[in-house]
Protein chains: 2
Amino acid sequence: MKLLTIGQIAIRSGVGIETVRFYEREGLLAKPERTQSGYRQFDEEVISRLMFIQRAKELGFTLNEIKELLSLRIEPGTCCKNVRAKAESKIAAVEGKIRMLQRMKKALVRLTQECCEKGGGSECPILDALDGRPRTSRRRG
Amino acid sequence: MKLLTIGQIAIRSGVGIETVRFYEREGLLAKPERTQSGYRQFDEEVISRLMFIQRAKELGFTLNEIKELLSLRIEPGTCCKNVRAKAESKIAAVEGKIRMLQRMKKALVRLTQECCEKGGGSECPILDALDGRPRTSRRRG
DNA sequence: ATAAACCCCGTACCATACTACGGAGTCAAG
DNA sequence: CTTGACTCCGTAGTATGGTACGGGGTTTAT
């Protein structure tokens, strides 16, 4: 099991050193081992974790939601139903996002098609295609 | 065509009045007509626009990206290829998000299944299932 | 053994996206 | 014709998610 410095995992995962420290403070990364001189020693798998965080952010998850996602696991002493319930609520959230994105994609595709058929379009074709209301309202509930 | 006050569209679309003014300043909403006393008079369709903005935010789009999405239309004088190219790049972005969400969903589903079969799980099953790197890096490259 | 490169920490600063405040004018109901 | 709710505007403050700074110790390559 190879151990890496903060600079090495930062480069390999494409985030800044300060960001790694920030995530550690915020509890998205476990406190790493230290050398006798106080240098952090990260396990290689922290790189996947950091990359996951970046991807999840692009999907509109907040750092808190990402923390929850990352902590979903079956621990020896944990109630299985508990984890299951949490995971299922995450699945629902993910499915909601997928549906919205699929509608958005459909609207965009229609736009590119109509584009070269006729000349003058509506005020806002995306809105024509996508009508509905937002479902979740995280961020200040 | 019914005209509404800022308070009315705020309530109907589920955002705050200040947020509406903010979006107007930021160019996400067109400057509305005004009464002789200076009150904004919004067209009812602004409500869909506001709801679209909320949904798109939940999908990880920034206000700037949302502005671009909303401005994608075929204007009489606009080059069709131009709009088409922009729309296609948006489609690619949307597809990328969908793919990532589908992988995430698969990982979560697997988690719920493994959950009730065996007892002790991996350190982080989500990461086990989802390995790969982030693709787009918007936000201050 | 010494410079360059790296790491430590705390604190301060930044961008985005709001959210609140305050003083003044407006409108609708009683 | 007043009272209360609503609107105006500009400016300031907040939360989130980083990013930079600065003064110090550490490691490493020469």
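Residues numbered from 1 in each chain as written. Chains lettered and ligands numbered in written order. Predicted model: local features only at pLDDT ≥ 70, side-chain atom pairs only at ≥ 80, totals over all residues.

Caption draft 1: Looking closely at the protein's contact with DNA strand C. In the vicinity of DNA strand C there are 20 residues, among which A:Thr5, A:Gly7, B:Ser37, B:Thr62 and B:Leu63 approach most closely. Looking at the surface near DNA strand C, the elements that each hand over two or more residues are α1 (6-13) of chain A together with α2 (17-25) and α4 (63-71) of chain B. Tallied by class, residues from the surface near DNA strand C come to six nonpolar, ten polar and four charged. (Near = placed C-beta within 6 Å. Helix = DSSP H or I, 4+ residues; strand = E, 2+ residues; numbered from the N terminus. Nonpolar A, V, L, I, M, F, W, Y, C, P; charged D, E, K, R; others polar.)

Caption draft 2: Representation of the pairing of strand β3 (residues 40-43) of chain A. Residue and element names in this part refer to chain A. Residue alternation in β3 divides its side chains into a buried set, Arg40 and Phe42, and an unburied set, Gln41 and Asp43. One ladder, built from two bridges, connects strand β1 (residues 3-4) with β3; its direction is antiparallel. Residue pairing for β3: Leu4 is matched across the bridge by Phe42. Sheet topology places strand β2 (residues 33-34) next to β3; two bridges connect them, and they run antiparallel. Pairing of Glu33 across the sheet is with Gln41, part of β3. Turn length for the β2-β3 hairpin, with the two strands adjacent in sequence and antiparallel, is five residues, and the turn residue Gly38 shows positive phi of about 100°. (Buried ≥ 20, exposed ≤ 12 C-beta atoms within 10 Å, placed from the backbone. Pairing = 2+ DSSP bridges.)

Caption draft 3: View of the environment of A:Cys80. Here A:Cys80 shows up in helix α5 (residues 80-115). For the pair formed by A:Cys80 and A:Gln54, sequence separation is 26 residues and the distance between their alpha carbons is 28 Å.

Caption draft 4: Main features of the protein's contact with DNA strand D. Among the 20 residues in the neighbourhood of DNA strand D, the closest are listed as A:Ser37, A:Thr62, B:Thr5, B:Gly7 and B:Arg40. Mapped by element, the contributors of at least two residues to the surface near DNA strand D are α2 (17-26) and α4 (63-71) of chain A together with α1 (6-13) of chain B. Residue classes in the surface near DNA strand D are distributed as six nonpolar, ten polar and four charged.

Caption draft 5: The arrangement of the sheet that holds strand β1 (residues 3-4) of chain B in detail. The three strands lie next to each other as β1-β3-β2 (chain B), forming an open sheet whose pairing is antiparallel. Two strands in the sheet have a free side with no partner beyond their single neighbour: β1 and β2 (33-34) of chain B.

Caption draft 6: Molecular detail of the sheet that holds β3(A). Within the open sheet, the three strands sit side by side as β1-β3-β2 (chain A). Their pairing is antiparallel. Only two strands of the sheet have a single partner each, and these edge strands are β1 and β2 of chain A.

Caption draft 7: View of the environment of B:Val20. Residue and element names in this part refer to chain B. Structurally, Val20 can be placed in helix α2. You can call Val20 buried: it has 22 C-beta atoms within 10 Å. Separated by 30 residues in the primary sequence, Val20 and Leu50 have C-alpha atoms spaced 8.1 Å apart.

Caption draft 8: Region of interest: the nonpolar core. A:Ile9, A:Ala56, A:Leu101, B:Ile9, B:Ala56 and B:Leu101 are the most contacted members of the largest nonpolar core, which totals 58 residues. Among the elements of the structure, α1, α3 (46-58), α4 and α5 of chain A together with α1, α3 (46-58), α4 and α5 (80-115) of chain B are those that each provide at least two residues to this core. Those residues in contact with B:Ala56 that sit more than four places away from it in its chain are B:Phe61, B:Ile66 and B:Leu69. (Core = buried A, V, L, I, M, F, W, Y, C linked by C-beta atoms within 7 Å. Contact = placed C-beta atoms within 7 Å.)

Caption draft 9: Layout of the packing of α1(A) against α3(A). All names here are of chain A. At a minimum axis separation of 9 Å, α1 and α3 run at an interaxial angle of 45°. One element, α1, and the other, α3, form an angle in the oblique class. In terms of crossing hand, the pair formed by α1 and α3 is right-handed. Contacts from Ile9, Arg12 and Ser13 in α1 reach Val46, Ile47, Leu50 and Met51 in α3. (Axes fitted to C-alpha atoms, helices over the stretch in contact; angles between N-to-C directions. Parallel < 35°, antiparallel > 145°, perpendicular 65-115°, else oblique. Left-handed = near helix turned anticlockwise from the far one by under 90°.)

Any functional reading would require information beyond the geometric quantities listed.
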